[in-house]
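Each chain, written out:
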Amino acid sequence: MSVLKILQYPDQRLRLIAKPIKKITKEIHKIANNMIDTMYQEEGIGLAATQVNIQLQIIVINKINQKEDHLILINPKIIERKGTVSIEEGCLSIPEYRAFVPRFNYIKIQALNLNGDKKEIEADSILSICIQHEIDHLNGKLFIDYLSELKKERILKRINKIKKRIKQ
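Nothing here was measured: the structure is a model prediction, and the numbers come from that model. (Residues numbered from 1 in each chain as written. Predicted model: local features only at pLDDT ≥ 70, side-chain atom pairs only at ≥ 80, totals over all residues. Heavy atoms only, no water.)

How should the nonpolar core be read in this particular structure?
For soluble globular proteins, the rule of thumb is that nonpolar side chains tend to be buried together. Counting residues in each nonpolar core, the largest one holds 18 residues, and the members touching the most others are Ile28, Met35, Leu47, Ile58, Val60, Ile72 and Ile74. Counting only elements with at least two residues in this core, the list comes to helix 1 (26-41), strand 2 (58-62) and strand 3 (70-82). It is helix 1 that provides the largest number of residues to this core, a total of 7 residues. In contact with Ile74, not counting residues within four places along its chain, are Ile21, Ile24, Ile28, Gln57, Ile58, Ala111, Leu112, Asn113 and Leu114. Core analysis: the next-biggest nonpolar cluster, separate from the first, contains 15 residues, Ala18, Ala48, Leu73 and Ala123 among them. (Core = buried A, V, L, I, M, F, W, Y, C linked by side-chain atoms within 4.5 Å. Buried < 20%, exposed > 50% of the residue type's maximum accessible area, 1.4 Å probe, protein only. Helix = DSSP H or I, 4+ residues; strand = E, 2+ residues; numbered from the N terminus. Contact = heavy atoms within 4.5 Å.)

Even after reading the chapter, I still don't get the pairing of strand 4 (residues 85-91), so can you show me in this structure?
Two faces belong to every sheet, and in a regular strand the side chains alternate between them. Of the strand pairs in this sheet, strand 4 and strand 5 (residues 94-103) are connected by 6 bridges, and their pairing is antiparallel. Across the sheet, residue Glu89 finds its bridge partner in strand 5, namely Ala99. In textbook terms, the turn of a hairpin is the stretch between consecutive antiparallel strands, and for strand 4 and strand 5 this stretch comprises 2 residues. (Pairing = 2+ DSSP bridges.)

Sorry if this is basic, but what is going on with the layout of surface pockets here?
Sizing a probe to match a water molecule and rolling it over the atoms shows the empty space that remains. If you add up the space inside the largest pocket, you get close to 380 Å³. Around the largest pocket, the lining comprises 22 residues; the ones closest to its centre are Ile45, Glu89, Gly90, Cys91 and Arg98. Of all the elements in the fold, those that place two or more residues in the lining of the largest pocket are strand 4, strand 5 and helix 2 (125-138). Of the residues belonging to the lining of the largest pocket, the class tally is 10 nonpolar, 6 polar and 6 charged. Lining the second largest pocket are 14 residues, with Ile78, Arg81, Ile135, Asp136 and Asn139 sitting closest to its centre. For the lining of the second largest pocket, the secondary structure elements donating two or more residues are strand 3, strand 5 and helix 2. Residues of the lining of the second largest pocket, tallied by class, amount to 7 nonpolar, 3 polar and 4 charged. (1 Å grid on protein atoms, 1.4 Å probe; cavity = no way out; pocket = protein on both sides within 12 Å on 5 of 7 lines; lining within 4 Å. Points joined across faces, edges and corners; volume = space filled by probe spheres on them. Nonpolar A, V, L, I, M, F, W, Y, C, P; charged D, E, K, R; others polar.)

Just checking my understanding: could you explain unusual backbone geometry for this structure?
A cis amide bond links Tyr9 with the next residue in sequence, Pro10, at an omega value of 15°. Looking at the element boundaries, Pro10 is found in the segment before helix 1. One non-glycine residue, Glu96, lies in positive phi territory at about 65°. Locating Glu96 in the fold gives a position in strand 5. Phi is positive for Ser125, which is not a glycine, with a value near 55°. Secondary-structure assignment places Ser125 in helix 2. Overall, the relative accessible area of 40% leaves Ser125 in the partly exposed class.

As structure tokens, this is what we get:
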């Protein structure tokens, strides 16, 4: 497999809305496996296809930090939500920045697996938060969209400083 390039904020391709997958092909399997390799290489706990400039509804999630235990969700949709929780979130597309984001503590989702089987998955706590974060990516939304305009401006300034430093 191969490691894919992760788009970095403020890249506008992160704002594109992913298309549903109509048929699970060998290419979809390859994309999902490459996404898993990328997620582990970058030490993430989740990755959406839109973060690697693939505009399809695929997310991968590392359930408990073991390569053998991950979720591949195709066309995921939240069908039930309960409670609220907020933890400090980060994102591979917005490195070096974290923020508290309000999320549902419990969700139930429908998604396809790589065999094309429709599954319902219940999640709470960190898994619920991670799935919500990645589904947001599929809809062109970033965790910083939950923050005030002032905080978003600060993040962008910090990112631009880091980019200038790297270029020097």
